[in-house]
Amino acid sequence: MTFNELVWKMAKVNYRKYLFYFLCNSFVVMVFFMFSTVYFNEGIRNANEMDGESLSTILMIPSVALMVFTVFFIHYAHSVFIKRRKKEFGLFMMVGMSDKDISKVLLLENSAIALLSLAVGLLSGSIFSRLFFLLLMHVLEMESIAFELHITMFATTVGVFLIVFSIGVAKSILDIRRKEVLTIFKEDRVTEKNKVRSPLLGGVGLLLVIGSIIFQYYFFSNSDYDINDGLVLLVGLISLLSGLFFTISHFGSFLIQLARSRKSVYYNRMLFLANVEYKFKQVKGISLLLITMTMVTIFYTSMLLHFYASAEQLAEEQRIYDVSFAETAMKNAISDDELNQLFNTDNHEIKEHVTLDVLDYFEQSSLGDYFNRYSFLSAEQFNQMYSKQVEVSPGEMIRLDNINPEYHDPYVDHEKGEGKNTIALKEIKLTEKQSIIEPVFDQLNLYEVKFIIVHPDDFARIAQELEVYKSTIHALNLSNWEKSGDAYVTWKEQLKKQNGIEGQDPLLSRLDYSTEEVLLEPQAKIEVYNSNRKAGGILFFMSSFLGALFFVSSFMVLYLNIFSSIDQERMTFHKLYKIGMTKKEIRKVLAKELRLLFFLAPLLGLGIAFSYVAIFAKDAGGIVDNPLFTVNFMIVA
């Protein structure tokens, strides 16, 4: 028999193993190429649709996850495939085949599988990637971006696959060359043997899993304890993964120990329990991975779905008024009639239009070559926006930090109380009465967060006696702001076009730390809403895609692991059949084993994922008060 004939006969005998291994690799190539058509699309890479953040940046996290998955999946599929064939290699070496010949066999068959996998994977990826791309663009409402196929997509896919695949093949060749013939011959049995068989460790692992979840739920976002939430999650996650490892590694032993407490249960299920213990030793790695992947993808996707569904609520929380913008002496000038014409339509109309004049004064600092900026507001106008109403007498001032107290820097806070801080600007002297630290109106790029509220008489004096720059804050509330997207975009385009015609604005000339376009940028709930929907939509879509990919691929590897040892299983059950066990009983035992192997890990992952949803829901008041968390979890799960 020639060398080529030997290789061909091996392929025919083990065609099922070869076929499944080939399908696994083709599947990875197809998925990676489909994702590459999105990531390397020029329209997406140049898009800037996510509140200043590019789509390619948002796709970075799914890209890293896909890369990690690709490395693991190819490596694991190759390891299982080689492991089940080492007995054949050991036999060939015992009859005289050299290490060089074995290496040649490995190179030939893996080269053929790699080339065929690339061909089939790229072909199927080219077909399905268009559907995948069009579906994604439809979700993002960005149908204007065209589907593309170019060399970068093919080169990246081929390069990544060949690098990972080659490393796996090289590792197998070196492993075979280093080991003795008898060791290789018995490899499939030796490597499945657990050195430790401890029901106690299995029980400890289960308690560790439960304890870590309780620990995180109790201490996360708990104001009674001065513990960093990140530290709580880190310690809890490490404990959880450690507990899962011990539980999966010794699950069979733990199950047998429990069953032994009831003799009738143990003796009626002795074969099933023994097989479960053996199987979990075989697949503990993939089971742990499947639990972790289920936990991460279900939790992550559930939270993204929650953010996607809560885009309107988040916009309401992030913006005080529906539309806000600043008007200077020469920029962003728009009349009430023009605003009414744009925003008073059948879909929406202006319910409220509040204006707030701002006087900016720049004073040379005595500490360096820069200016102190004072932004003055009239108390009379300010009270139109502020529900608590402030009172200030002539010669007094109220300091306003227009920012959430949570983000306020206490080291630059102003001292509170009457008569403690004063400002002297030429002939005008102001004494601080109090300070306010809360967002009263939407913060615009033109202004700093600090303002000074004064009596209307002092406001008029400042305008007359100091060299100030006047601007106006406009704040609008609309009916049905969710439908104001088209009007808002049209209005922004008009402002941009008009601002380009006007000359240099005096106030903007003093603010050289940013561009005119950024300083004059309006704020609107609809903009935040669209940004959240798009960003949440693409991440939800990609995480759902990757989640489905993880599940399918993990089950494929699990099936490959079980399928590769089917000959050994057939021999075992054939012996049991000879000593009197019926085919019906054998089928019943196998069905129980497979149900446990395939469904235990996902169910555990789902339970842990729901625990983390409940933990993170504490920040929003708890999962009971926010049933949307549970609804979104159930939709994803």
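Residues numbered from 1 in each chain as written. Predicted model: local features only at pLDDT ≥ 70, side-chain atom pairs only at ≥ 80, totals over all residues. Heavy atoms only, no water.

(A) Examining helix H17 (residues 336-343) more closely. Listed in full, the buried residues belonging to H17 are Leu 339, Leu 342 and Phe 343. In an axial view of H17, the angular spread of the buried residues amounts to 80 degrees, which keeps them on one side of the axis. In this structure, H17 carries Asp 337 and Gln 341 as exposed residues pointing more than 90 degrees from its buried face. Its buried side turned inward, H17 meets strand S1 (323-327), strand S2 (350-364), strand S8 (469-478) and helix H20 (485-501). (Buried < 20%, exposed > 50% of the residue type's maximum accessible area, 1.4 Å probe, protein only. Helix = DSSP H or I, 4+ residues; strand = E, 2+ residues; numbered from the N terminus. Arc of directions from axis to C-beta. Contact = heavy atoms within 4.5 Å.)

(B) Here's a closer look at the sheet that holds S1. Reading across from one edge, S5-S6-S4-S7-S3-S2-S8-S1-S9 is the order of the nine strands in this open sheet, with mixed pairing throughout. Taken across any chain shown, the strands that pair with only one partner, and hence form the sheet edges, are strand S5 (422-425) and strand S9 (523-524). Relative to strand S6 (residues 428-437), strand S4 (residues 396-401) runs parallel, the two being bridged by six bridges. Looking at the pairing, Arg 399 lines up with Ser 435 of S6. Each of S1, S2 and S8 is contacted by H17, which is oriented at about 135 degrees to S2, the strand it contacts most. (Pairing = 2+ DSSP bridges. Axes fitted to C-alpha atoms, helices over the stretch in contact; angles between N-to-C directions.)

(C) Quick peek at the pattern of salt bridges. Inspection of the entire model under this criterion finds 12 salt bridges. Residue Lys 470 pairs with Asp 357 through a salt bridge whose shortest N-O separation is 4.0 Å. Taken as a pair, Lys 470 in strand S8 and Asp 357 in strand S2 lie far apart in primary sequence, 113 residues in all. A single network of salt bridges, built from pairs that share partners, joins Glu 316, Asp 322 and Lys 525. (Salt bridge = Lys/Arg side-chain N within 4 Å of Asp/Glu carboxyl O.)

(D) Geometry of the nonpolar core. By size, the foremost hydrophobic cluster in this structure holds 64 residues, and its most contacted members are Leu 66, Ile 102 and Met 542. At 16 residues, helix H2 (residues 15-39) tops the list of elements feeding residues into this core. Among residues more than four places away in sequence, those in contact with Leu 66 are Val 31, Phe 32, Phe 35, Leu 546 and Leu 549. Core analysis: the next-biggest nonpolar cluster, separate from the first, contains 31 residues, Met 385, Tyr 386, Tyr 447 and Leu 507 among them. (Core = buried A, V, L, I, M, F, W, Y, C linked by side-chain atoms within 4.5 Å.)

(E) Just the packing of aromatic side chains, in detail. Enumeration according to the criterion identifies 20 aromatic pairs in this entry. Aromatic side chains Tyr 218 and Phe 219 sit 5.0 Å apart centroid to centroid with 90 degrees between the ring planes, which places their arrangement in the edge-to-face category. One aromatic cluster is present, formed by Phe 220, Phe 299, Tyr 612 and Phe 616 through successive ring pairs. Taking the ring centre of Phe 371 as reference, the NZ or CZ of Arg 510 above it sits at 4.8 Å. (Phe/Tyr/Trp six-rings, centres within 6.5 Å; stacked < 30°, edge-to-face > 60°. Lys NZ or Arg CZ within 6 Å of the ring centre and 35° of its normal.)

(F) The arrangement of unusual backbone geometry in detail. Phi angles above zero are rare outside glycine, and Asn 332 is one such case at about 55 degrees. Mapped onto the elements, Asn 332 comes out in the loop between S1 and H17. The residue Lys 426 is not glycine, and still its phi comes out positive at about 55 degrees. Looking at where Lys 426 falls in the secondary structure, it is placed in the loop between S5 and S6. By relative accessible area, which is 60% here, Lys 426 ends up exposed.

None of this, on its own, says anything about what the molecule does.
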